[in-house]
Amino acid sequence: MKERLDKFISSLTALSRKEAQKAIRDRRVTVNGAAARAVDVKIDTDADTVTLDGKALTYQKHVYYMMYKPAGVVSATEDRVERTVLDILPPELRRNGLFPAGRLDKDTTGLLIVTDDGDYAHRMLSPRKHVVKRYIATLDKEPDESVVNSFADGIVLGDGTVCRSGKAELLGGTRAAVEISEGKYHQVKRMFAALGYHVEALERVRIGSLELDGRLSPGEVRKMSPEEANLVFQDGLA
Ligand code: URA
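Here the structure is a predicted model, which is why all the values come from computation and not from measurement. (Residues numbered from 1 in each chain as written. Predicted model: local features only at pLDDT ≥ 70, side-chain atom pairs only at ≥ 80, totals over all residues. Heavy atoms only, no water.)

(A) Inspection of the site of the ligand at higher detail. In the neighbourhood of the ligand, the contacting residues comprise Leu104, Asp105, Thr108, Tyr135, His186, Gln187, Val188, Lys189 and Leu202. Contacts to the ligand include Thr108, whose side-chain N or O atom sits 2.9 Å from an oxygen atom. Relative to its free-state accessible area of 240 Å², the ligand is covered by the protein chains to the extent of 95%. If you tally residues by element for the shell around the ligand, the top one is helix H5 (residues 187–194), at three residues. Looking at the shell around the ligand, its residues break down into four nonpolar, three polar and two charged. (Near = heavy atom within 4 Å. Polar contact = N/O pair within 3.5 Å; in protein donor to acceptor, adjacent residues only side chain to side chain. Areas by Shrake-Rupley, 256 points an atom, 1.4 Å probe, with all protein chains shown as cover. Helix = DSSP H or I, 4+ residues; strand = E, 2+ residues; numbered from the N terminus. Nonpolar A, V, L, I, M, F, W, Y, C, P; charged D, E, K, R; others polar.)

(B) Representation of the pattern of salt bridges within the structure. Under the defined criterion, the tally for this structure stands at 16 salt bridges. Taking the shortest distance from any N to any O, the salt bridge between Arg134 and Glu179 comes out at 2.6 Å. Taken together, the residues Arg134 in strand E10 (residues 133–139) and Glu179 in strand E12 (residues 175–180) connect sequence positions 45 residues apart. Note on Arg134: relative accessible area 16%, which makes it buried. (Salt bridge = Lys/Arg side-chain N within 4 Å of Asp/Glu carboxyl O. Buried < 20%, exposed > 50% of the residue type's maximum accessible area, 1.4 Å probe, protein only.)

(C) Broad picture of helix H3 (residues 118–125). Residues Tyr120, Ala121 and Met124 constitute the buried set of H3. Projected onto a plane normal to the axis of H3, the buried residues spread over an arc of 95° and lie on a single side. Opposite the buried face of H3, at more than 90 degrees from it, the exposed residues are Asp119 and His122. For H3, the secondary structure elements touched by its buried residues are strand E7 (64–69), strand E8 (99–101), strand E9 (109–115), strand E13 (199–207) and helix H6 (226–229). Two or three places before Asp119, at the opening of H3, Asp117 has a side-chain oxygen 3.2 Å from that residue's backbone nitrogen. (Arc of directions from axis to C-beta. Contact = heavy atoms within 4.5 Å.)

(D) Representation of unusual backbone geometry. Phi at Asn32 takes a positive value of approximately 50°, unusual for a residue other than glycine. For Asn32, a relative accessible area of 46% gives the class partly exposed. The backbone of His130 sits at a positive phi, close to 50°, despite the residue not being glycine. With respect to the helices and strands, the residue His130 is situated in the loop between H3 and E10. You can call His130 partly exposed: its relative accessible area is 33%.

(E) Examining helix H1 (residues 5–12) more closely. For H1, a buried count of six out of eight residues is recorded, marking the element as mostly surrounded by other parts of the structure. The complete set of buried residues in H1 reads Leu5, Asp6, Phe8, Ile9, Ser10 and Leu12.

(F) Main features of the sheet that holds strand E3 (residues 34–35). Strands sit in the order E3-E2-E5-E6 across an open sheet of four strands; the sheet is antiparallel. Of all the strands in the sheet, the pair left with one neighbour each is E3 and strand E6 (55–57). As paired strands, strand E2 (residues 29–31) and E3 are joined by two bridges and run antiparallel to one another. Paired with Thr30 across the strands is Ala35, a residue of E3. (Pairing = 2+ DSSP bridges.)

Any functional reading would require information that these geometric values do not contain.
Here's what the structure looks like:
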């Protein structure tokens, strides 16, 4: 694809279009090894090698971020009252068109993907895909074995909604891991509520085969390659 150099740079970095133009004028940018001479030069995004400050920029149509969502922020692009997951992105990762692919409750922590790729999010969230999500729940009391069978059988929520069969694993104490392939509103909390438990804390640790990176702390974000982001479409490791 052919693209203007300044646009190319600003789409792949935190620089605005204006800042990218300045970087070009300051001779911080090379195209195929030679300092770029004009901001509006057209480059071939597949064939040309562009560097900024000596680092190669590889064309990527969309961005995919892994966030360790902390408690206390909402999974929305904007909110008049609450802080959103986009508000906590570091400035260098901000871009137009970003949104959270799926939602976690305000008090739920863990793996959240932020992207500008609508098709990707649509595929991941499609009820027909049955992408498996794994959560660790801390309950108000120690769960008994019957929880495992109830999840396997498919739980009926308080309002009569029938959930697909899932998986529960007792982790000792008041903790349990659950895997579900749907994304109904407050689903895990409501499934446990139907069994007589209150979820005190909930963390998502995996989507498909994509695991929450143990090196991230709550509130931290890192870029993913498209290949890594696509791990959500591989079966979970359960
Ligand atoms: N289930 C819930 O109850 N809450 C979440 O945030 C995610 C799944």
